[in-house]
Amino acid sequence: MGKSAVVEVDQVLVAAGTEAEAAERKVTGFAKFNAPGGNPVELFYGTVLDHVPVHTRSRFVTGDMGFGHAIISAEDARTTFDFCVNVLGFIERNTMKSPGGTTWFMGCTRAITRWA
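The rules behind these values
Residues numbered from 1 in each chain as written. Predicted model: local features only at pLDDT ≥ 70, side-chain atom pairs only at ≥ 80, totals over all residues. Heavy atoms only, no water. Phe/Tyr/Trp six-rings, centres within 6.5 Å; stacked < 30°, edge-to-face > 60°. Helix = DSSP H or I, 4+ residues; strand = E, 2+ residues; numbered from the N terminus. Buried < 20%, exposed > 50% of the residue type's maximum accessible area, 1.4 Å probe, protein only. 1 Å grid on protein atoms, 1.4 Å probe; cavity = no way out; pocket = protein on both sides within 12 Å on 5 of 7 lines; lining within 4 Å. Points joined across faces, edges and corners; volume = space filled by probe spheres on them. Nonpolar A, V, L, I, M, F, W, Y, C, P; charged D, E, K, R; others polar. Arc of directions from axis to C-beta. Contact = heavy atoms within 4.5 Å. Polar contact = N/O pair within 3.5 Å; in protein donor to acceptor, adjacent residues only side chain to side chain. Core = buried A, V, L, I, M, F, W, Y, C linked by side-chain atoms within 4.5 Å. Salt bridge = Lys/Arg side-chain N within 4 Å of Asp/Glu carboxyl O.

Points about the packing of aromatic side chains
All chains considered together, the criterion is met by two aromatic pairs. Measuring from centroid to centroid gives 5.9 Å for Phe33 and Phe83, while their planes differ by 70°, and the two rings are edge-to-face. Remark: Phe83 occurs in helix H2 (residues 77-86) and Phe33 occurs in strand S3 (residues 29-34); sequence separation between them is 50 residues. We classify Phe33 as buried; its relative accessible area is 9%. Of the residues examined, Phe83 reaches a relative accessible area of 8% and is grouped as buried. Ring centres of Phe81 and Trp104 lie 4.5 Å apart, and the angle between their planes is 25°; on these two criteria the pair is classed as stacked. In this pair, Phe81 sits in helix H2 while Trp104 sits in strand S7 (residues 101-107), placing the two residues 23 residues apart along the sequence. Neither residue differs from the other here; Phe81 and Trp104 are each classed as buried.

Have a look at this one:
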């Protein structure tokens, strides 16, 4: 992987993970950054797969691609939602209003699951 590089993309600093960090995560390589609102994000490639579907207590089973949805909380939920949809490519699956604000349930497109 060489030297760790840092670039700025849409006002977000993106850094390459080190070889040691990649080895710890059992991936070939990855990029890391903080999304607006401060949530850490890592995008990786070359993972070691066991090809076993994930089974949750709710009986949700992932498809062949392994990743079904994400729920991300942040103080500035709208900015984080816009970033996840417009930059990362998530799609809105559902919305829930509560006294604390709005919760967006985001899903993956086939393009996102093919990044890794």
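That was the structure; now back to the text.
Quick notes on the layout of surface pockets
Each pocket or cavity is described by its volume, and for the second largest pocket that value is around 180 Å³. Forming the boundary of the second largest pocket are 14 residues, of which Ile72, Ser73, Ala77, Thr102 and Thr103 lie nearest the centre. Contributing elements (two or more residues each) for the lining of the second largest pocket: H2 and S7. Ranked by the residues each element gives to the lining of the second largest pocket, the list is headed by S7, at five residues. Classifying every residue of the lining of the second largest pocket gives seven nonpolar, seven polar and no charged.

Some remarks on H2
Turning to H2, its buried residues number three or more, namely Thr80, Phe81, Phe83 and Cys84. When H2 is viewed along its axis, its buried side chains cluster within an angular range of 160° and face the same direction. Buried residues along H2 sit in contact with strand S2 (12-16), S3, strand S6 (91-98) and S7.

Details of the side chain of Thr80
Examined against the element boundaries, Thr80 turns out to sit in helix H2. At a separation of 2.9 Å, a polar atom in the side chain of Thr80 contacts the main-chain carbonyl oxygen of Pro36. Not counting residues up to four positions away in its chain, the partners in contact with Thr80 are Pro36, Gly37, Asn39, Ile72 and Ala74.

Overview of the nonpolar core
Counting residues in each nonpolar core, the largest one holds 13 residues, and the members touching the most others are Val12, Phe33, Phe83, Cys84, Leu88, Phe90 and Met106. Listing elements by their share of this core, those giving two or more residues are S2, H2 and S7. Looking at this core element by element, the count peaks at three residues for H2.

Some remarks on the environment of Thr18
Position of Thr18 relative to the elements: it lies in the loop between S2 and helix H1 (19-25). The sequence separation of Thr18 and Ala5 amounts to 13 residues, and the corresponding C-alpha distance is 9.4 Å.

Examining the pattern of salt bridges
Pairs may arise between side chains of opposite charge once their charged atoms sit close together. Taken as a whole, this structure holds three salt bridges when the rule is applied. With a shortest N-O distance of 2.7 Å, Lys32 and Glu21 are connected by a salt bridge. One end of the pair, Lys32, is in strand S3; the other, Glu21, is in helix H1, with 11 residues separating them in the sequence. For the salt bridge of Glu42 with Arg25, the shortest nitrogen-to-oxygen distance reads 2.8 Å. Of this pair, Glu42 sits in strand S4 (residues 40-45) while Arg25 is found in helix H1, placing the two residues 17 residues apart along the sequence. Looking at Glu42, the relative accessible area reads 37%, which means it is partly exposed.

So yeah, pure geometry; function would need other evidence.
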